[in-house]
Amino acid sequence: MSTTGAATSTAGDDRRRALQAFDDTKAGVKGLVDAGVTAVPAIFHHPPDSLPLDAPPQPHHEHRFTIPVIDLAGLGTPSGRASVVGAVREAAETVGFFQVVNHGVPEAAMSEMLAAVRRFNEEPADARAPYYSRDHGRRVRYTSNFDLFQSPAANWRDSIYIDMAPEPPAPQEIPSALRGVAEEYARLARRLYRELLELLSEALALRPGHLEEDAACLDGLNLAAHYYPACPEPHLTVGTTRHSDPSFLTVLLQDDIGGLQVLVDNLEEEGKSSVWVDVPAVAGALVVNVGDYLQLVSNDRFKSVEHRVVANGAGPRVSVACFFRTYGAAASTRVLQPIVAGGDRARYKSATVEELLRHYRAKGLDGTSALDHFRL
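Now for a quick tour of the structure. Since the structure is predicted, the reported quantities are computational estimates derived from the model, not experimental observations.

Quick notes on the rules
- Residues numbered from 1 in each chain as written.
- Predicted model: local features only at pLDDT ≥ 70, side-chain atom pairs only at ≥ 80, totals over all residues.
- Heavy atoms only, no water.
- Core = buried A, V, L, I, M, F, W, Y, C linked by side-chain atoms within 4.5 Å.
- Buried < 20%, exposed > 50% of the residue type's maximum accessible area, 1.4 Å probe, protein only.
- Helix = DSSP H or I, 4+ residues; strand = E, 2+ residues; numbered from the N terminus.
- Contact = heavy atoms within 4.5 Å.
- Axes fitted to C-alpha atoms, helices over the stretch in contact; angles between N-to-C directions.
- Parallel < 35°, antiparallel > 145°, perpendicular 65-115°, else oblique.
- Nonpolar A, V, L, I, M, F, W, Y, C, P; charged D, E, K, R; others polar.
- Pairing = 2+ DSSP bridges.

1. Here's the deal with the nonpolar core
Move 1: Membership of the largest hydrophobic core comes to 74 residues, with the highest contact counts inside it found for Met113, Leu178, Tyr185, Leu223, Leu286 and Val320.
Move 2: The leading source of residues in this core is helix 6 (residues 181-203), at 13 residues.
Move 3: Ignoring anything within four residues of it in the chain, the contact list for methionine 113 reads Leu178, Val181, Ala182, Tyr185, Leu223, Leu253 and Val320.
Move 4: Judged by nonpolar contacts, the second largest core, of 22 residues, contains Val95, Phe97, Leu252 and Val309.

This is the structure we're talking about:
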């Protein structure tokens, strides 16, 4: 073996040991913060070309890109509904992200959900440790970086995942800090999702029930509650690497810390093909984004776009993502295929949800789209 090869192998072994030592604590990034860390460990260092130039987030240069805010209050009248469908269609076909207000999820339920996530993550480490797992078969699992051992660098974030549908776990399986609160919030989010599916079906010129019934987009719900501790060196790492979501649709509840950014096509600035745009906290709003599965089913009509969360010296930042996707045994049999309209052609090969998800997990958050693997 050459000297260079030996050095690379040694560095790889050192990194693997450091990752394993971090994972063995079962305390996540919060454990590092509680231990008083003042420097970001090397396993969290991202290559300079993948880091935001302005982390922690600062106001971007002036551009006209904004994430649309859509008011669902108008759904009660035919003209109002047509206007909302038009707004949803435009957002889904362009930026792939929008925020909704007057969505029917009470602000009290949203506030309590965020507070419950904080309570769980701020319990002593030994109270969180029993839930720590990398077993995707567990319906409730607490972990730091689901792709810890696959990704080029770890993210400054801990998460708890709860598979809420088609049926929620038994109450005793859910941590007491989240028990009751998570189930109720998921119920409300699922109700909103059903309404969004109707709007998106109409935006595709299909009957309102098409995506729910024919495409079976309502089969499952995975709730992912993320906790981003304040970072001592936010210029060295990120909260979540750029990625698109393995879901039909994602409904996100975020606090007011900020840091979520979307990569949108740039039509204004010469020499820049895309630009990162902040998704600001809007009082009472929920963030909605198209996932990879809906981009496939819509045959590229709707865009599943890349997004990230920058690290921040302030915090903790808390968010709760509801990923709507087929769950359990159905994932291996439910075949997704593109809806081909008019004289268009299929742009993707048909695939099961399990095939899509398996590819996503194997590659991790590596900055590439899982859909590329299935594109014709």
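Read on for the rest.
2. Points about the packing of helix 3 (residues 78-93) against helix 6
Move 1: At a minimum axis separation of 9 Å, helix 3 and helix 6 run at an interaxial angle of 80°. Judged by the inter-axis angle, helix 3 sits roughly perpendicular to helix 6. Where helix 3 abuts helix 6, its residues Arg81, Val84, Val85, Val88, Arg89 and Ala92 lie against Glu198, Leu199, Leu200, Glu202 and Ala203.
Move 2: Per-class residue counts for the contact of helix 3 with helix 6 are 7 nonpolar, no polar and 4 charged.

3. Some points on the pairing of strand 4 (residues 158-165)
Move 1: When you tally the buried positions in strand 4, you get 8 out of 8 residues, the bulk of the element.
Move 2: Two elements, strand 3 (residues 140-143) and strand 4, share 4 bridges in a ladder whose sense is antiparallel. When the bridges of strand 4 are listed, threonine 143 appears paired with serine 159.
Move 3: The pairing of strand 4 with strand 5 (residues 221-228) spans 7 bridges and is classified as antiparallel. Bridge pairing in strand 5 links serine 159 to histidine 226.

4. Quick notes on the environment of valine 29
Move 1: Relative to the helices and strands, valine 29 resides in helix 2 (residues 28-34).
Move 2: In sequence terms valine 29 and threonine 143 are 114 residues apart; their C-alpha atoms lie 9.7 Å from each other.
Move 3: In contact with valine 29, not counting residues within four places along its chain, are Phe22, Phe44, Ser144, Asn155, Trp156, Arg157, Asp158 and Pro229.

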